[in-house]
Amino acid sequence: MALVLDGVAFGLQLALLATGLTLIYGLAGVLNLAHGQLVVAAAMVGAVALGAGAPVLLALGLAVVTAGAAAVLLDVTLLRPVYRLRGQARVLLSLLLTLGVAFAADGLLVHSFPFTRLNLSVATPSVELLGVTVRSASVVASLVAIVALGGLVVLLRTTRVGRAIRSLTQDEEGAQLCGVDPGRTRRLVFVLGGSMAGLVAVTQGLVSSVGATSGLDLTIFALIVTVVGGLGRVSGAVVAGVLLGVVHAVAAFHIGTVLTFVILLVAAIVVILVRPSGILGGAGS
Amino acid sequence: MSGPLGLGPGGVVAPPASSLRAYLPIVVASVVLALVPLSLGGSRYFLSLGVHLLVVASYAVAFNLVFGSTSQLFLCQGALAGAAAYCSVILGNRYGLPLWLTIPAGVGLAALLGGGLSWVAVSRRLEVIYLGIVTLAFSLVFTNLLLGGRELTGGETGLVVDGGAGTWLRSPAAAYYLFLALLVGHLVVYRAIERSRLGWGFRALRDDEVAAALAGVDVARAKVTAGVVGAAMLGSVGATFAAHEGFVSPTTFAFGEVDVRVLVVLALGGVGTLLGPVVGAVVVTVVDELLRPLGQLRLTVYGVVLVVIFLGFRQGMVRSVRSLWMRAGTRAGPRTD
Amino acid sequence: MLTVEGLRVAYGDIEVVHGLDLEVAAGEAVALIGSNGAGKTAALRAVAGLEPGCSGRVRLAGEEITGLPAHALARRGLVYVPAERRLFGAMTVRENLVLGAHPERPDRDRLARVVELFPRLAERRSQPAGTLSGGEQQMVAVGRALMRRPRLLLLDEPSTGLAPVLVEQVYAAFARLREAEALTVLVAEQQVPAALQLADRAYVLEDGRIQLTGTADELTDDPRVRRAYLGLT
Ligand SMILES: Nc1ncnc2c1ncn2[C@@H]1O[C@H](COP(=O)(O)OP(=O)(O)OP(=O)(O)O)[C@@H](O)[C@H]1O
Ligand SMILES: [Mg+2]
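Definitions and limits used
Residues numbered from 1 in each chain as written. Chains lettered and ligands numbered in written order. Predicted model: local features only at pLDDT ≥ 70, side-chain atom pairs only at ≥ 80, totals over all residues. Heavy atoms only, no water. Contact = heavy atoms within 4.5 Å. Buried area = accessible area lost by both parts, 1.4 Å probe. Polar contact = N/O pair within 3.5 Å; in protein donor to acceptor, adjacent residues only side chain to side chain. Helix = DSSP H or I, 4+ residues; strand = E, 2+ residues; numbered from the N terminus. Nonpolar A, V, L, I, M, F, W, Y, C, P; charged D, E, K, R; others polar. Core = buried A, V, L, I, M, F, W, Y, C linked by side-chain atoms within 4.5 Å. Buried < 20%, exposed > 50% of the residue type's maximum accessible area, 1.4 Å probe, protein only. Near = heavy atom within 4 Å. Areas by Shrake-Rupley, 256 points an atom, 1.4 Å probe, with all protein chains shown as cover. Phe/Tyr/Trp six-rings, centres within 6.5 Å; stacked < 30°, edge-to-face > 60°. Lys NZ or Arg CZ within 6 Å of the ring centre and 35° of its normal. Expected span 1.5 Å × (residues − 1). Axes fitted to C-alpha atoms, helices over the stretch in contact; angles between N-to-C directions. Parallel < 35°, antiparallel > 145°, perpendicular 65-115°, else oblique.

Colleague: What should I look at first to understand the interface of chain B and chain A in this one?
Modeller: Reports of interface size often rely on the accessible area that becomes lost once the parts have come together. In this complex, chain B contributes 38 residues to the contact, which on the side of chain A involves 39 residues. For the chain B and chain A pair, buried surface summed over both sides reaches about 3500 Å², with 84% attributable to carbon and sulfur atoms. By the criterion of area lost to chain A, the three top residues of chain B are Ile129, Tyr130 and Ile133 of chain B, representing 17% of everything that side buries. For the interface between chain B and chain A, the tally reads six residue pairs in polar contact (both at pLDDT 80 or more). Of all the elements in the fold, those that place two or more residues in the side of chain B that touches chain A are helix 5 (128–148), helix 11 (259–269) and helix 13 (297–312) of chain B. For the side of chain B that touches chain A, the element with the highest residue contribution is helix 5 of chain B, accounting for 14 residues. Looking at the side of chain B that touches chain A residue by residue, the class counts come to 30 nonpolar, five polar and three charged.

Spelled out as structure tokens, the structure:
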């Protein structure tokens, strides 16, 4: 039971991480391989702000804003030529460009913040939940993730903007004919997706810590969850995140983290091969 | 725009028809590379640098065949080379088999894996992004299995090669010419394929797979062949490199070590050009040495280089220099389509 | 309402519309007829802002709209219904219709009015648009366009994939709409009889050039049109 709760908590973090990636991919056709670096950038800004004596909430706000701003900056600068292409060509070019961005950002972050870590484990009394003792930090992190994920789902399902986002994800030209501005909506989605990444820095800072070298690992985790949930599917990413979180916790306890990682990777490969639209399935990809 | 992915060369160019003109660039490049150690006085430092240059150039030729010719995004160069290397080392260490048996066995394993990946991609009709993710995941699985399977692989510390110590293989000068021979072999294979019927099929399918199939190209077979040959190239270099170094470890073949560099090398030199991998490897090796004091920031330089190339300079150096050459006198810059 | 001057559209190096001049007055219905590959779709797409590389001048009710992107044109009331419809297959019929007026908030009265026009849609309200029949999808596509109360409706082959009865029904709906809302329509069509019945005037497009123009009655009687498009002698 304790393992499962741990797993759910970890899974919510994974879901938070992956929804940002999948949202951007679904709408813009850009698989942002620098997603993990957005988390790291947010963490470093938060850590520096805290170090400079900023109030916690301000520092964390800054962190989230940083990631959102960095993402939208990417959209309006480097990715501009990408949107002149369609389909596979767009996906491939954006993949290679964001890979370059990931290297560039990684080098810069590791060079500039070799010893900085965002660590928010201030005071974490434990609490009783379902007869199990859990760290309150973990509870808070999970609540943050739940609120953010829930907010995103509500936004997508019930608001006009959300409807515009979904229409663009399904048919870009059809959406334009309905008066949906693709550029503006895309910028909004980059802000949203980036901010979700920024929130991951906060929640990870609560349960453990984020250092400058975590970028690649975070991107890989995000990719695995996104693929298992189905590229571009927000609800799939949420379900896959929680599911893989539980698998991760249980497997890591029994067979160690190295083989657990292998299991997650193999899961992603298997999903691509037998069910490319993700575990929630459905027609199309 | 050429090729469905828009990253192919500007206009799909067939190789020269005459044999002399087709292979002359390889002859010139190999003579130049053969003379380099002599002009540098045969220092150990430069020779080992040279070996690394030749190794990465050979990897890039393989990637060029798989990605450049058939648009299959393999993000597992390091893993395929490493599979061959570990296979060869383990067979040698455990069963005392000689290198002339273990290296081909390693190459065979790599070819099998590469062909298998291609075959899976073709039969499941994986789009480029999915093949990229599958091969990336394959790389990480490979690295983690190396780390996890300690009894067999030595885990993080790797394996020391039992045989071969003190032989000519370990001498930097001999190794330099051995790897040069491998590189030349790869280039010859690459060019020979380009000039064959298979190469014609590659050009057709890179332009438009559906049209190529209609024109009678066996797309599946062409792609799997590219996967097998490319992986065999990677394996031969990886296994030979292990024998030369006398040591293998997970980092030698990690994604971040091999694939990243190969991507930069090929992008810089020019995807789909014969000598792009060589030119790219020379530039990257030299720049890498010059930037060594930068430490972590070197990665930033690579990243920026990738971004710049894919943003505007998509033909790579070989083709750009060639078009500059052709337009010599006019002040026209390289085409940046 | 719409004035097009010297419109040229090219795909890559191949120009497929060579300097098209065309006019649609307010309240008028105009047909653009021509055989396969004549350039009808290319011309409509360009007018609708979907071919950024085109050249020429386009004005809507006197306002210069050349080069504006598709979404901006839609918001100005120039609404294009493509032959392939481009519905949002995973969304319900209702959501598809509501999106037609984006970014305005959903207007209940207008929705009721559109559904009244196509009663079939009332039953299908909550069904994903992707699961509708071809005819129903066409109704959603037109209904979606009408949600905005368009000033000019561009229709590309509204008859695509429809049985003859349905073609008649769809065109009957257009005729009613013209009366009820003084709708201005430019319709590209291969089903020439239906189009000429609806339209006041028509242009005949061949190989990217206007070959013939006149009132619908004139063209119906023109021997060349009768031979080439009406299958009559
Ligand atoms: N995306 C495109 N790329 C290249 N050529 C195109 C493209 N779209 C259309 N064409 C070409 O432009 C020409 C005009 O096509 P268009 O679709 O406008 O014809 P049409 O009159 O609408 O025909 P139909 O009645 O069959 O729909 C054709 O020769 C077609 O092949
Ligand atoms: Mg048409």
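From this point, the narrative continues.
Colleague: Can you walk me through the nonpolar core in this structure?
Modeller: Generally speaking, soluble globular proteins have nonpolar side chains that are buried together. Ranked by size, the top nonpolar core spans 188 residues in total, and within it Leu31 and Ile224 of chain A together with Tyr59 and Ile129 of chain B carry the most contacts. Take this core: its biggest share by element is 15 residues, from helix 2 (residues 44–70) of chain B. In contact with isoleucine 129 of chain B, other than residues within four places in its own chain, are Tyr25, Leu31, Gln88, Val91, Leu95 and Leu231 of chain A. Residues Leu87, Leu121, Ala202 and Tyr229 of chain C belong to the second largest nonpolar core, which totals 50 residues.

Colleague: Help me out: how do you make sense of the environment of tyrosine 59 of chain B in this one?
Modeller: As for its position among the elements, tyrosine 59 of chain B is in helix 2. Apart from residues no more than four positions distant in its own chain, tyrosine 59 of chain B is found in contact with Ala81, Leu234, Val237, Gly238, Phe253, Val258 and Val262 of chain B.

Colleague: I keep staring at the site of ligand 1 and nothing clicks. Help me out?
Modeller: All names here are of chain C. Taken together, the neighbourhood of ligand 1 is formed by Tyr11, Val16, Ser35, Asn36, Gly37, Ala38, Gly39, Lys40, Thr41, Ala42, Glu157 and Gln190. A distance of 2.8 Å is found between an oxygen atom of ligand 1 and a backbone nitrogen or oxygen belonging to glycine 37. Contact distances for ligand 1 include 2.5 Å between an oxygen atom and a side-chain N or O atom of threonine 41. Notes on ligand 1: free accessible area 640 Å², of which the protein chains cover 56%. Broken down by element, the shell around ligand 1 gets its largest block of residues, three residues, from helix 1 (residues 40–47). The residue inventory of the shell around ligand 1, partitioned by class, reads four nonpolar, six polar and two charged.

Colleague: For this particular structure, what's the right way to read the packing of aromatic side chains?
Modeller: The geometry of an aromatic ring pair comes down to the distance between the two centres and the angle between the two planes. Within this structure, the stated rule accounts for eight aromatic pairs over all chains. Ring centres of phenylalanine 221 of chain A and phenylalanine 261 of chain A lie 5.7 Å apart, and the angle between their planes is 50°; on these two criteria the pair is classed as tilted. Taken as a pair, phenylalanine 221 of chain A in helix 9 (residues 215–229) and phenylalanine 261 of chain A in helix 11 (residues 257–274) lie far apart in primary sequence, 40 residues in all. Grouping residues by exposure puts phenylalanine 221 of chain A and phenylalanine 261 of chain A together as buried. When the centroid spacing of 5.5 Å and the interplanar angle of 90° are considered together, the rings of tyrosine 171 of chain C and phenylalanine 174 of chain C count as edge-to-face. Note that tyrosine 171 of chain C and phenylalanine 174 of chain C are positioned in helix 7 (residues 164–181) at a spacing of three residues, about one turn of the helix. A relative accessible area of 7% means that tyrosine 171 of chain C is categorised as buried. Three or more aromatic residues link up through ring pairs in this structure, and these residues are Phe10, Phe221 and Phe261 of chain A. Lying across the ring of tyrosine 83 of chain A, arginine 186 of chain A places its NZ or CZ 3.4 Å from the centre.

Colleague: Teacher, can you tell me more about helix 10 (residues 219–245) of chain B here?
Modeller: Structurally, the α-helix is built with 3.6 residues per turn, so residues lying three or four positions apart point the same way. Helix length check: helix 10 of chain B (27 residues) gives 39 Å between terminal C-alpha atoms against 39 Å at 1.5 Å per residue, within 8%. Among the residues trailing helix 10 of chain B, glycine 246 of chain B stands out with phi positive, at a value near 75°.

Colleague: Can you help me understand the packing of helix 1 (residues 2–28) of chain A against helix 9 of chain A in this one?
Modeller: Axes are the key here: two packed helices are described by the angle between their axes and the distance separating the axes. All names here are of chain A. Here helix 1 crosses helix 9 at 85°, and the two axes come no closer than 8 Å. Here helix 9 runs roughly perpendicular to helix 1, going by the angle between their axes. Across the interface between the two elements, Phe10, Leu14, Leu17, Ala18, Leu21 and Thr22 of helix 1 pack against Leu218, Phe221, Ala222, Leu223, Val225 and Thr226 of helix 9. For the contact of helix 1 with helix 9, the class distribution of residues is 10 nonpolar, two polar and no charged.

Colleague: Can you walk me through unusual backbone geometry in this structure?
Modeller: Peptide bonds are, in most cases, trans, and in most cases residues other than glycine have a negative phi. In this chain, histidine 102 of chain C is followed by proline 103 of chain C through a cis amide linkage whose omega measures 5°. Examined against the element boundaries, proline 103 of chain C turns out to sit in the loop between helix 3 (93–99) and helix 4 (108–117). Located in the positive-phi region is serine 71 of chain B, a residue other than glycine, with phi close to 55°. With respect to the helices, strands and loops of the structure, serine 71 of chain B is situated in the loop between helix 2 and helix 3 (77–95). The exposure class assigned to serine 71 of chain B is buried, which follows from its relative accessible area of 13%. Positive phi outside glycine occurs at arginine 85 of chain C, with the angle close to 70°.

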